[in-house]
Every structure is written in structure tokens, then in C-alpha cells.
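Observations on chain architecture
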Amino acid sequence: DNHFDAFGKQDVEKILLDYDQSSIAKIYNNADSSKKEFTGLAGIREMFTELFHDLHDLKTLEAPVVEVDEPGKTVFLIWACPGCDFTTATDTFVFGPDFKIKRQNVVITKAVKEKAKTKKSGMCA
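Residues numbered from 1 in each chain as written. Predicted model: local features only at pLDDT ≥ 70, side-chain atom pairs only at ≥ 80, totals over all residues. Heavy atoms only, no water.

**A short note on the overall build of the protein chain**
Helices and strands together make up the secondary structure of the protein chain, namely four helices and six strands. In terms of C-alpha radius of gyration, the protein chain reaches 14 Å, essentially the compact-globule figure of 14 Å for 125 residues. A principal-axis box enclosing the C-alpha atoms of the protein chain has dimensions of 45 × 30 × 25 Å. Considering only contacts within the protein chain whose residues lie at least 6 apart along the sequence, 45% involve residues at least 24 apart. With an accessible surface of roughly 7,000 Å², the protein chain has 57% of that area assigned to carbon and sulfur atoms. Here the protein chain contributes 17 positively and 20 negatively charged side chains, and the mean placements of these two sets differ by 6 Å. (Helix = DSSP H or I, 4+ residues; strand = E, 2+ residues; numbered from the N terminus. Rg over C-alpha atoms; globule rule 2.2 N^0.38 Å. Contact = heavy atoms within 4.5 Å. Areas by Shrake-Rupley, 256 points an atom, 1.4 Å probe, with all protein chains shown as cover. Lys, Arg positive; Asp, Glu negative; His and termini not counted. Charge placed at Lys NZ, Arg CZ, Asp CG, Glu CD.)

**Details of the pattern of salt bridges**
Evaluation of the coordinates by the stated rule reveals seven salt bridges. A salt bridge links K102 to D20; the shortest N-O distance between them is 2.4 Å. Of this pair, K102 sits in strand β6 (residues 101–110) while D20 sits in strand β1 (residues 19–29), and the two are 82 residues apart along the sequence. Taking relative accessible area as the criterion, K102 reaches 18% and is therefore assigned buried. When its relative accessible area of 16% is taken as the criterion, D20 is described as buried. (Salt bridge = Lys/Arg side-chain N within 4 Å of Asp/Glu carboxyl O. Buried < 20%, exposed > 50% of the residue type's maximum accessible area, 1.4 Å probe, protein only.)

**A word on the side chain of N29**
Looking at where N29 falls in the secondary structure, it is placed in strand β1. The exposure class assigned to N29 is buried, which follows from its relative accessible area of 0%.

**Things to note about the pairing of strand β2 (residues 34–39)**
Examined bridge by bridge, β1 and β2 share six bridges and lie antiparallel to one another. Along β2, the bridge assignment pairs K26 with E37. What sits between the antiparallel neighbours β1 and β2 is a turn of four residues, in which S33 has the positive phi angle 60 degrees. (Pairing = 2+ DSSP bridges.)

**Quick word on the confidence of the model for the protein chain**
The predicted model of the protein chain has a mean per-residue pLDDT of 92, with 90% of residues at 70 or higher. Every residue in residues 116–120 is under pLDDT 50, and counting partners more than four places away or in other chains gives four contacts. (pLDDT = per-residue confidence, 0-100.)

**A closer look at the nonpolar core**
Inside soluble globular proteins, nonpolar side chains tend to come together where they are buried. Grouped together as the largest cluster of nonpolar side chains are 26 residues, with contacts concentrated most on I44, F48, L51, L55, W79 and F86. Where this core is concerned, the elements lending two or more residues are α1 (2–9), α2 (12–15), β1, α3 (40–54), β4 (74–81), β5 (86–95) and β6. In terms of residues, this core owes the most to one element, α3, which gives five residues. (Core = buried A, V, L, I, M, F, W, Y, C linked by side-chain atoms within 4.5 Å.)

**So, unusual backbone geometry**
A negative phi holds for most residues other than glycine; trans holds for most peptide bonds. The backbone of Q10 sits at a positive phi, close to 55 degrees, despite the residue not being glycine. Tracing the sequence through the fold places Q10 in the loop between α1 and α2. Positioned with a positive phi, F99 is a non-glycine residue whose angle comes to about 65 degrees. In this structure, F99 sits in the loop between β5 and β6.

**Brief notes about the environment of E46**
With respect to the element layout, E46 can be found in helix α3. Given the relative accessible area of 40%, E46 is considered partly exposed. For the pair formed by E46 and N29, sequence separation is 17 residues and the distance between their alpha carbons is 17 Å.

This is the structure in C-alpha cells:
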């Protein structure tokens, strides 16, 4: 599937093929209660650019739960990448009739380092 292949390769342009201008993604970090919203293709590009920067080493990436509900046009995903400080994460994807991701809600628990807070870079930092 395009999304998982693009994610594994950290290919922002390829992953954008799954979204459109009406797409909205929201990310909440349990570690510091921060929330970010990304809209349209430019916002989704920003989100994945930040995420792939933070996921600099995928050796510890795991996705123990991937539930696809085709009739409901949703995907529920649980993942973690402890080597990059993502101790837990869930994603819920809602697809439109054109099979583009219209809504994506992400809840992560990612340690926020002091340096990242100061620079305001990365996911929900």
C-alpha cells in the first residue's frame, strides 16, 4: 500500500499522494499536552517533514495493530518507535469516496527535550 511504503522510505512526496487540499491532520502529544493541526497539502507536507526528521532511525519502529475497516473507510493504527522517543502512538485515518485521507488524528507520547522546546522544531515541540 502506498502509505506504508512511502512511510517506510520516508518519502514525503509519495505520501502526499494519499491526501488532498481538504485533508486535515491533528497531532496531540501526551508528554506535554501540545496540539498541532495541519491542513491541505502544504500542511500535510510540513507534518511529514517534521515527523520524518524526528523519526531519524526506524530500527525500533513497530506497528502491532493495524485495523482496516473498508466499509467504514477508516484505519486504526497503533505504533511506537522508542529509539526516537515515540513511546506510544495511535493514528486514525478517515478516507473519502476518492480514497484520499480526509482526516487523520494522531495521539503520541514523545519525550520533549529542552533543546527541542527552545527551537520549536519537530512534532508538537
